[in-house]
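# Chain and residue survey
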Amino acid sequence: MSGSIQDTFFEECEELLEAMDEGLTAVEGGDHDPEIVNAVFRAVHSIKGGAGAFGLDELVGFAHKFETVFDEVRSNKVQLDTKLIQLLLRCSDHLADLVAVARDGGSTDEEHHDTLIAGLEEYLDEEEEELTFEPMGLGGPAAPPPLAIESEKNYTIRFQPLKEMFGTGNEPFFLFQALSELGDLKVVLDESELPGFDSMDMAESYLAWDLELTSSEPQSRVEAVFEFVEGLCELSIASDKDDEEEAAALEALNAAFGADAGPLGSGLPEVTPPAAAPAEAPETDTSGPFEAPAPAEEVKVAEAEPVEQAEAASPEAAKKEQRGPKPTLRVELERVDRLINAVGELIINHSMLAQQIANLNAGDMRDVETELEGFKNLARDIQEGVMAIRAQPVKPLFQRMARIVREASSATEKQAKLINEGENTEVDKTVIERLSDPLTHILRNAVDHGLEKPEDREAAGKSRVGEIRLSASHRSGSVCIEIKDDGAGINRPKVKQIAIEKGLIPENAELTDSEIDNLLFLPGFSTAKEVSNLSGRGVGMDVVKNAVTGLGGRISITSTPGKGSTFTIILPLTLAVMDGMVVSVGGQTMVVPITSIVETMRGSDDMINSLGADGTLLSIRGNFVPICDVAGALGLMKPDDQPPGVYLLVETETGQRSALAVDDIHDQRQVVIKSLDGVCGNIPGVAAATILGDGKIAMILDPESIISAGGTAGFDTERRMSNAIAS
Amino acid sequence: MQSQAEVNMPDQEVKHALQSEFVSFTVAGQAFCLKITQIREIRRWSPVTILPHAPADVLGVMNLRGAVIPIYDLSARFGLQQTEASERNVVIVVAVHGKPVGLLAESVSEIISINPEEIQETPQVDSRSTMEYIQGIISHDDTMVRIINLDAVISAPEQVI
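Predicted model only: the values in this text are computed from it and were never measured. (Residues numbered from 1 in each chain as written. Chains lettered and ligands numbered in written order. Predicted model: local features only at pLDDT ≥ 70, side-chain atom pairs only at ≥ 80, totals over all residues. Heavy atoms only, no water.)

### Notes on the overall build of chain B
Within chain B, the regular secondary structure consists of four helices and 10 strands. Starting at the N terminus, the α and β elements of chain B follow one another as α-β-β-β-β-β-α-β-β-β-α-β-β-α. Here chain B holds 161 residues, and the buried ones make up 43% of them. For chain B, the accessible area works out to roughly 9,000 Å², and carbon and sulfur atoms hold 49% of it. (Helix = DSSP H or I, 4+ residues; strand = E, 2+ residues; numbered from the N terminus. Buried < 20%, exposed > 50% of the residue type's maximum accessible area, 1.4 Å probe, protein only. Areas by Shrake-Rupley, 256 points an atom, 1.4 Å probe, with all protein chains shown as cover.)

What follows is the structure, encoded as C-alpha cells:
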C-alpha cells in the first residue's frame, strides 16, 4: 500500500516537475507574471510536502530552500534577474535529480548540492532573520492578546477535503495546527458522509470538519492557511464579526428605542411576522443617524469579499484548465497495450478472413466483400483511436532537453539557448521514451562539437549565444524532428581525415559532402580530441542511428560550413501498424513499407544497363538508377537465375534513388508490426516482422539499409558465399 | 495399521517430490531430454519464415498464436548435421528467460521420471560445445539420455547472431 502511495507521489512529482520547468522556462523567456511564479512555488511546495510525508529529508531540505527563495520572489523582495533565473533553473534540475534519487536510489553530486544551496542562501541572507522571525510573531503569545481584545472575531469554517488533496500530500492536521496558531480553535469532525465499511472506497474522502476559530487575525490570514489546498477542498469561511457588530449596533439601537429591545436583542425566531417586519424596518432606516452605518458598511465589504474571491477562484480554475491539459484519465499503459495488441490481432484476423473467403470460390460474394470492407474500415478506425491514446505531445521531452543544453553549455563554457518548436506534435509514447537518449546525445554533440566558443562566434560575426532549434512536425504520415544549430558546421576535411586514420574508409576514397557527413554515423567514429565529460564517452553517433532505426525511423545530417548543421530524424507515427507492399523475394513473402516507395514498375530487359562487372542500372524515363537485388542483399537464393521482374523505386532520406529488384508484387495492405527484438539480433535489411493473412510470418524490409548494405557489387560474392555454405 | 500408514506416507511423498519428470526426444539419432516444466508445448513442424543472414542453426521464425518466435535446429546447434525438417519432426516450444523459443527435434519419445541421484555428471569429452550444452546424463532403459542445459543452448549463440 505504502508502495503504491509512494508511486503516486513520484507520479505527481513528475507532473509537478514538469509544471515547474514549464513555469521557469516561461520566466526565463521574460514572462514574470506573478501567476506563473506562484505556480512554480506551488509545485515546489507540493513536492516538499509529499517528500516530507515519506521522510525524504534531503529533498525536503533542498525544496524548502528553493521554495523560500521563490517566496521572496513572489513577495517581490528579490528581483528576478538573469543570474537568479539561471540559478533557479539549475536548482530545478537538481530537484528533479533529487526526486529521481529518492525514487531509484543512488546519490547526487554533493558538491553540486552544496553549491546550489549556497547560491540560494545568498538570496536569503538578509531575509533569513525576518523569515525565522515571522512564525515566531505569529505564534508568540505576547502579541495577539491586546489585539484580541480590540476585535476578536469568530470564524466559522467548513472544510471538506477532496480526495485529490490527500494525493498531494496535504494533511488536514497541519492545516488545523496552523489555524490554531492564529487563535482559539475548536474542531468538530463531521463524519456523516462516512459510508459503511463494505462500500468504502479507500481513495475517497468522506470526512469534513466544522471549525470554529476565535482569532484577531483578518480573514485573509485565515484564508492564507488554506492557500495550498485551494481547489483541493470545499471550503467556506464565514466570520461572525459582522453579526456581532451588527448585534452590538442593534443593541445600541434597541437601547435607544427601549421598547423593542427584548425581542430584537435575543433575535428570537418565535417572533411573529408582523412584529419582525417593523423591527427590521427601523433597523435599516434608523441606522443612518447612529454609529451603525460604519459597521454595516463593513458587513457589506466583508460579505462581498468571499463572494469576490469565490468568483475569482472559479475563473482562475477555468484558466488553469485552459492552461493545463483537458480532463484526462490516467490509465495503466499495460491496458492500452493490451488493447493495441488485440486490435493488431483483429487486423490480422480480418486479412485471414478475407483470404479464406477469397479461397472459397463460392459464386457471388459481393455482399460479403462489402461487409468485409466495412469490417476493415471499422478495424482501422479502432486502430487509429487506440493509437491516438498512446500519442503524446513531445513537449515534456523537449522540456527535458532544455536542461541537457543548459548542462552541456555550462560544462563546455559555451553559451547556448534552445528554441523549441512544434512542442504539441503528438508522437507515440514509446517513440518519445526511446527518443530521449538519441536526442540527448545529439544535443550534447551540438553544444560540444557544433557550437563555437563565444569569442570565436563573435569573431565570426555571430551572436555570442549559440542557438539550437529543436523542432517537431508531422510530415506525410511520419514525424519529423529537426535539431538545427548555428555553429561552425561539420569540418569535412577533418572528418575525412579521422575516418581514414581509423581505417573506416580507404585513404584514396573520394566522397561526396553528404557521404562525409554521414561518416559520423559509422561505429567507432568520434572527433573529440580528448574524451570530454560530455560527449565522446566511447558512445558515438552510431548509437544514435541505431536507436532511431530501431524505432523504424531514419536520421540524416546536412551541414553548411560556418552556418551550422541540421540533424533530421524521420519517425513513423505509430509503431504498431503500417501500410506495406507485399512482395515476394527469393521465394519468400516480404513487406516493403509503402512510405519509402516512390513508384513501382515492371522491368524489361532493355531497361537494364550494365555498369562495370556487376553493377546494373535501370533506366527510367531517361534517368539511370542503380538496381539493388533484394534477394542478394538478404543472402537468399533465387529460385532460378531469371532476372527479377518488378522494381520498386525507393528514395532514401538523402534523396538518393534506388530500384529494389523483387520477384513479384502481390498486394498493398495494412500490416501489424511485430518486433524482432528479443527474437533475434539486428538483421541488416530487416526492420521487423509481420503476420500475414495465412498465418505466416513475413519480414518487413528496411529499404535504406538494404541499399546501404551495398546495392550492387558486394552482393554477388555474398550470395555465392551463402550458396556455397548452403550446398 | 494406522500408525504404519502415517509413517509410510511421508516417505512416499518425499520420494515423489524429489522425482522429476523429463521429456525425452531424439535429435540426429541421439536421445536428449528436457525437464517437463521447461516445456510449454510440442507442435508438429510446419515451414518457417527464413531469417536473412541467420546462422545455420537458426531455422527462422514461426507464428505462435500471434507471437513471433525463433526456431532453432538443435542438431545444428550441437554441431551435428542439419536436420532436414519434415512433417514428421516436432518443434518443442520452451520458455527461456520468459520468452518462447522453438527447438526442432526429430521426434519426441516419452516422459521419464527419475530421481536426482540418478543423474550423472557429463564425462569429460573433447567436444567443448557439447560439454556446454549438456547438463548431465541419465541411463534409461539401457540408453544414454542427455539432459540439455537450456540456458546455454539459447543464450550463448544468440550473441553471435
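### Some details on the overall build of chain A
In terms of regular secondary structure, chain A is built from 24 helices and 22 strands. Buried residues in chain A amount to 41% of all 727 residues. Counted over contacts in chain A with a minimum sequence separation of 6, partners at least 24 positions apart contribute 69%. For chain A, the accessible surface area stands at approximately 38,500 Å², while carbon and sulfur atoms represent 52% of it. (Contact = heavy atoms within 4.5 Å.)

### A short note on the nonpolar core
General note: in soluble globular proteins, nonpolar side chains tend to be found buried as a group. Within the largest apolar cluster, 66 residues are counted, with the highest numbers of intra-cluster contacts made by A:Leu676, B:Phe25, B:Val94 and B:Leu103. Among the elements that make up this core, the one with the highest residue count is helix α14 (residues 333-360) of chain A (five residues). Taken together, domain 4 (333-391) and domain 6 (577-726) of chain A each give at least three residues to this core, which thus spans both. Counting 47 residues, the second-largest nonpolar core is a separate cluster that includes A:Leu439, A:Val447, A:Val479 and A:Phe525. (Core = buried A, V, L, I, M, F, W, Y, C linked by side-chain atoms within 4.5 Å. Domains from an automatic or database assignment.)

### Examining the packing of aromatic side chains
All told, the structure shown has seven aromatic pairs over all chains when counted by the stated rule. A ring pair is formed by A:Phe62 and A:Phe66, whose centres lie 6.2 Å apart and whose planes are at 45°; its orientation type is tilted. In this pair, A:Phe62 and A:Phe66 both sit in helix α3 (residues 57-74), four residues apart, roughly one turn of the helix. With relative accessibility at 0%, the residue A:Phe62 sits in the buried group. Considering the side-chain rings of B:Phe78 and B:Tyr133, the 5.7 Å spacing of their centres and the 50° angle between planes classify their relative orientation as tilted. Of this pair, B:Phe78 sits in the loop between α2 (74-77) and β6 (90-96) while B:Tyr133 sits in helix α3 (residues 128-133); the two residues are 55 residues apart in sequence, bridging distant segments of the chain. In this pair, the class of B:Phe78 matches that of B:Tyr133, namely buried. Every member of this aromatic cluster is reached through a ring pair, and the members are A:Phe159, A:Phe176 and A:Trp209. The aromatic ring of B:Phe32 is capped on one face by B:Arg146, whose charged end is 5.4 Å from the ring centroid. (Phe/Tyr/Trp six-rings, centres within 6.5 Å; stacked < 30°, edge-to-face > 60°. Lys NZ or Arg CZ within 6 Å of the ring centre and 35° of its normal.)

### Let's talk about the sheet that holds strand β16 (residues 615-620) of chain A
Residue and element names in this part refer to chain A. The six strands are arranged β14-β18-β19-β17-β16-β15 in an open sheet whose pairing can be described as mixed. Sheet topology places β14 (597-602) and β15 (608-611) at the edges, where each strand pairs with a single neighbour. Strand-to-strand twist of the sheet, defined as the mean angle between neighbouring strand axes without regard to direction, takes the value 35°. As judged from the four bridges shared by β15 and β16, these two strands associate in the antiparallel manner. Bridge pairing in β16 places Leu611 opposite Gly615. (Pairing = 2+ DSSP bridges. Axes fitted to C-alpha atoms, helices over the stretch in contact; angles between N-to-C directions.)

### Quick notes on the packing of helix α2 (residues 34-53) of chain A against α3(A)
Residue and element names in this part refer to chain A. At a minimum axis separation of 9 Å, α2 and α3 run at an interaxial angle of 155°. The orientation of α2 relative to α3 falls into the category roughly antiparallel. When you trace α2 past α3, the crossing you get is left-handed. Along its contact with α2, which presents Val37, Asn38, Val40, Phe41, Val44, His45, Ile47, Lys48, Ala51 and Gly52, the element α3 presents Leu59, Val60, Ala63, His64, Phe66, Glu67, Phe70, Asp71, Val73 and Arg74. Taken together, the residues of the contact of α2 with α3 break down into 12 nonpolar, four polar and four charged. (Parallel < 35°, antiparallel > 145°, perpendicular 65-115°, else oblique. Left-handed = near helix turned anticlockwise from the far one by under 90°. Nonpolar A, V, L, I, M, F, W, Y, C, P; charged D, E, K, R; others polar.)

### Topic: helix α16 (residues 395-412) of chain A
All names here are of chain A. The end-to-end C-alpha separation of α16 is 26 Å, in line with the 26 Å expected for 18 residues at 1.5 Å each. Leu397, Phe398, Gln399, Met401, Ala402, Arg403, Ile404, Val405, Arg406, Ala408, Ser409 and Thr412 are the residues of α16 that are buried. Immediately beyond the C-terminal end of α16, within one or two residues, lies Glu413, with a positive phi of roughly 55°. (Expected span 1.5 Å × (residues − 1).)

### Comments concerning unusual backbone geometry
Residues and elements named next belong to chain A. Of note, Glu413 is a non-glycine position whose phi angle comes to about 55°, a positive value. Tracing the sequence through the fold places Glu413 in the loop between α16 and β6 (416-421). On the basis of relative accessibility, which here comes to 66%, the residue Glu413 falls in the exposed class. For Arg621, which is not a glycine, the phi torsion comes out positive at approximately 45°. Looking at the secondary structure, you find Arg621 in the loop between β16 and β17 (623-629).

### Points about the interface of chain A and chain B
Every contact between the two is made by 22 residues of chain A and, on the other side, 17 residues of chain B. Carbon and sulfur atoms supply 66% of the area buried between chain A and chain B, which totals about 1,700 Å² over both sides. Seen at the junction of chain A and chain B, the total is zero salt bridges. Counting the contacts that link chain A with chain B gives three residue pairs in polar contact (both at pLDDT 80 or more). Elements supplying a minimum of two residues to the side of chain A that touches chain B: β21 (686-691) and β22 (697-701) of chain A. Ranked by the residues each element gives to the side of chain A that touches chain B, the list is headed by β22(A), at three residues. Residues that form the side of chain A that touches chain B fall into these classes: 13 nonpolar, five polar and four charged. (Buried area = accessible area lost by both parts, 1.4 Å probe. Salt bridge = Lys/Arg side-chain N within 4 Å of Asp/Glu carboxyl O. Polar contact = N/O pair within 3.5 Å; in protein donor to acceptor, adjacent residues only side chain to side chain.)

### Some remarks on a nonpolar patch on the surface
On the surface, A:Leu194, A:Phe197 and A:Met200 cluster together into a nonpolar patch covering about 320 Å² of accessible area. Its place among the elements puts A:Met200 in the loop between β2 (183-190) and β3 (208-215). (Patch = residues over 30% accessible without salt bridge, like charges linked within 9 Å, V, L, I, M, F, W, Y side chains within 5 Å.)

### Section: the side chain of A:Arg457
All names here are of chain A. Within the secondary structure, Arg457 is located in helix α18 (residues 454-459). Judged by its relative accessible area of 1%, Arg457 is buried. At 2.9 Å, the side chain of Arg457 and the side chain of Asp486 are in polar contact. If sequence neighbours within four positions are ignored, Arg457 has contacts with Leu451, Glu452, Lys462, Ser463, Arg464, Val465, Gly466, Glu467, Asp486 and Gly487.

### Observations concerning the packing of α16(A) against helix α17 (residues 429-450) of chain A
Residues and elements named next belong to chain A. Close contact between α16 and α17 brings their axes to 9 Å; oriented N to C, the two are set at 30°. Taken together, α16 and α17 sit at an angle that is classed as roughly parallel. For the pair α16 and α17, the sense of crossing is right-handed. Of the residues in α17, those touching α16 at Leu397, Phe398, Arg400, Met401, Ile404, Val405, Ala408, Ser409 and Thr412 are Ile432, Leu435, Ser436, Leu439, Thr440, Leu443, Arg444, Val447 and Asp448. Of the residues in the contact of α16 with α17, the class split is 11 nonpolar, four polar and three charged.

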